[in-house]
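Reading the structure
As a plain string of letters, each chain reads:
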Amino acid sequence: YYQQKLSSWGYSPTIQGFSAGSGENILVEIPGLVHPGRKVILCGHYDAIPGGIAAAPAADDDGSGTAAVLEAARVLAGLQFENTIVLALWDEEEQGKLGSIHYAGVAAANDDTIVGVVNMDAIAYDGNGDGLMRIHTKAVANSIAIKDTALLVNTAYGLGANIAINNPGAQYSDHASFWAESFGAILVIEDFDNDPNPYYHTPNDRVQYLDVPYYEQLAKLSMGTLAHLALPFSG
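A short tour of the structure in this document, coming up.

About the thresholds
- Numbers given for residues are sequential positions, taken from 1 along each chain in its written order.
- Only residues with pLDDT of at least 70 get local features here, since the model is predicted, and only at 80 or more are side-chain atom pairs given and counted; chain-wide, interface and lining totals rely on the full set of residues.
- As a rule here, side-chain values cover all heavy atoms of the structure and leave hydrogens and water aside.
- Where helices and strands are cited, they refer to DSSP runs of H or I of at least four residues and of E of at least two residues respectively, numbered from the N terminus.
- It is over C-alpha atoms that the radius of gyration is taken, and the globule rule equals 2.2 Å times the number of residues to the power 0.38.
- The contact definition used throughout considers only heavy atoms, calling two residues in contact when any of these lie within 4.5 Å.
- Values of accessible area rely on a 1.4 Å probe in the Shrake-Rupley scheme; residue burial ignores everything except the protein chains shown.
- In this description, strands pair whenever DSSP reports at least two bridges between them.
- Helix axes are fitted to C-alpha atoms over the stretch in contact, other axes to C-alpha atoms as well, and angles between N-to-C directions run from 0 to 180 degrees.
- Between the first and last residue of a helix there are one fewer steps than residues, each counted as 1.5 Å, and that sum is the expected span.
- Under this definition, polar contacts are N or O atom pairs within 3.5 Å; protein pairs additionally need one hydrogen-donor-capable and one acceptor-capable atom, and for neighbouring residues in sequence, both atoms have to be side-chain atoms.
- In this description, a nonpolar core means a group of buried Ala, Val, Leu, Ile, Met, Phe, Trp, Tyr and Cys residues linked to one another through side-chain atoms lying within 4.5 Å.
- Per-residue accessibility, obtained with a 1.4 Å probe over protein chains only, is compared with the maximum for each type, and a residue is labelled buried under 20%, exposed over 50%, and partly exposed between these values.
- Put simply, a crossing is left-handed when the front helix is turned counterclockwise from the back one by less than a right angle, and right-handed when it is turned clockwise.
- Candidates for patches are residues over 30% relative accessible area with no salt bridge; among them, like charges are joined within 9 Å and nonpolar side chains (Val, Leu, Ile, Met, Phe, Trp, Tyr) within 5 Å.
- Any carboxyl oxygen of Asp or Glu within 4 Å of a side-chain nitrogen of Lys or Arg constitutes a salt bridge here.

1. Quick notes on the overall build of the protein chain
The number of helices and strands found in the protein chain is six helices and eight strands. Listed N to C, the secondary structure of the protein chain is α-β-β-β-α-β-α-β-β-α-β-α-β-α in terms of helices and strands. In terms of C-alpha radius of gyration, the protein chain reaches 16 Å, essentially the compact-globule figure of 18 Å for 235 residues. With the C-alpha coordinates aligned to their principal axes, the bounding extent of the protein chain is approximately 45 × 45 × 35 Å. At a minimum sequence separation of 6, the contacts of the protein chain that also span at least 24 residues come to 82%. For the protein chain, the accessible area works out to roughly 9800 Å², and carbon and sulfur atoms hold 53% of it.

Spelled out as structure tokens, the structure:
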């Protein structure tokens, strides 16, 4: 499905296999016109808790993040940037961040230049209606500066997001795979600390429990941060 949607907008998605072929990251690149070797990554994980009684439809964790990556692909189609944009859908996050660990490890081994990573994991649940979201950052590479870019985007475009900063941030999602390889990254997430989704990792993680305006706000913040890091090309 993801490959078909990405292809419908003119992209040529590639599959990065890992875990002896059982894992499949789905990747799209929009080549930068000035600095093609400098990559900015927007990502989410498309796997869910597998099998058994706890099988989850994963609307929030992380259907919300992956749908936002798809929306970014749709709105960015045909636009030009100075740096290369990578839209990434990770596999096997729920089994230990395996997909992003593989990608980050390969990138480090190849001496890739990653300008920044914006990871979206569970960005659509606001049970108490306070609008609070969190950005997780850490003093690794330029991660603090990426957080500052997100705050700038929130102000510059009047998004009005109610943002709390976790520094040092948690290690429980794919951004941490990039920290481990000394790349700058942030996590954009709902208020998982104090207002966690009660349907997390359950069969009831469904669209009906999502707060769509809140979700839209977090997705716009993430996409805007990506665009600022990628630098729109003015010719």
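2. Some thoughts on the sheet that holds strand 2 (residues 23-30)
Strands sit in the order 1-2-4-3-5-8-6-7 across an open sheet of eight strands; the sheet is mixed. The sheet terminates laterally at strand 1 (14-18) and strand 7 (162-166), the two strands that pair on one side only. Put simply, the sheet's adjacent strands are angled 25 degrees from each other on average, direction ignored. Bridge count for strand 3 (residues 35-45) against strand 5 (residues 113-120) is six bridges, and the pairing is parallel. The residue of strand 5 that forms the bridge with R38 is T113. Across the sheet, helix 2 (residues 59-76) is in contact with strand 2, strand 3, strand 4 (83-90), strand 5 and strand 8 (185-190); its angle to strand 3 comes to roughly 140 degrees. Sitting on the sheet, helix 3 (residues 98-109) touches strand 1, strand 2, strand 3, strand 4 and strand 5, and the angle it makes with strand 1 is about 100 degrees.

3. Let's talk about helix 6 (residues 212-230)
Side chains of residues three or four places apart in an α-helix project in the same direction, reflecting 3.6 residues per turn. Between its terminal C-alpha atoms helix 6 stretches 27 Å, which fits the 27 Å expected from 19 residues at 1.5 Å a residue. The opening residue of helix 6, the one whose side-chain oxygen lies 3.1 Å from the backbone nitrogen of Y214, is D211. Once helix 6 ends, the next one or two residues include L231, with phi positive near 65 degrees.

4. Topic: the environment of L151
Counting through the fold element by element, L151 comes out in helix 4 (residues 143-156). When the C-alpha positions of L151 and L231 are compared, they lie 17 Å apart, and in sequence the two are 80 residues distant. Residues within four places of L151 in sequence aside, it is in contact with I163 and I165.

5. Comments concerning the nonpolar core
Counting residues in hydrophobic clusters, the biggest one holds 45 residues, and the most contacted among them are L42, L76, I85, L87, I123, M133 and L221. When residues in this core are grouped by element, the largest group, ten residues, is from helix 6. In contact with I123, other than residues within four places in its own chain, are D60, S64, G65, A68, V188, I189, E190, Y214, Y215, L218 and A219. Ranked by size, the runner-up nonpolar core spans 17 residues in total, among them L27, I41, A107 and F178.

6. Focus on unusual backbone geometry
Cis geometry is adopted by the peptide bond preceding D62, which originates at D61 and carries an omega value of 5 degrees. Position of D62 among the secondary structure elements: in helix 2. At K97, a residue that is not glycine, the phi angle is positive and equals roughly 60 degrees. With respect to the helices and strands, K97 occurs in the loop between strand 4 and helix 3.

7. A word on the packing of helix 4 against helix 6
With their axes 9 Å apart at the nearest point, helix 4 and helix 6 run at an angle of 115 degrees to one another. The handedness of the crossing between helix 4 and helix 6 comes out as right-handed. Two secondary-structure elements touch here, helix 4 through I146, T149, A150, V153 and N154 and helix 6 through L221, G224, T225, H228 and L229.

8. Digging into a nonpolar patch on the surface
The grouping of L33, V34 and F233 at the surface amounts to a nonpolar patch, some 230 Å² of accessible area in total. Along the chain, L33 falls in the loop between strand 2 and strand 3.

9. Description of the side chain of T149
Looking at the secondary structure, you find T149 in helix 4. Dropping the residues within four chain positions of it, T149 is found in contact with T225, H228 and L229.

10. Remarks on the side chain of S143
The topology assignment puts S143 in helix 4. A polar side-chain atom of S143 sits 3.2 Å from a polar atom in the side chain of W179. Beyond its immediate chain neighbours, meaning those up to four positions away, S143 contacts T137, K138, W179, F183, G184, A185 and I186.

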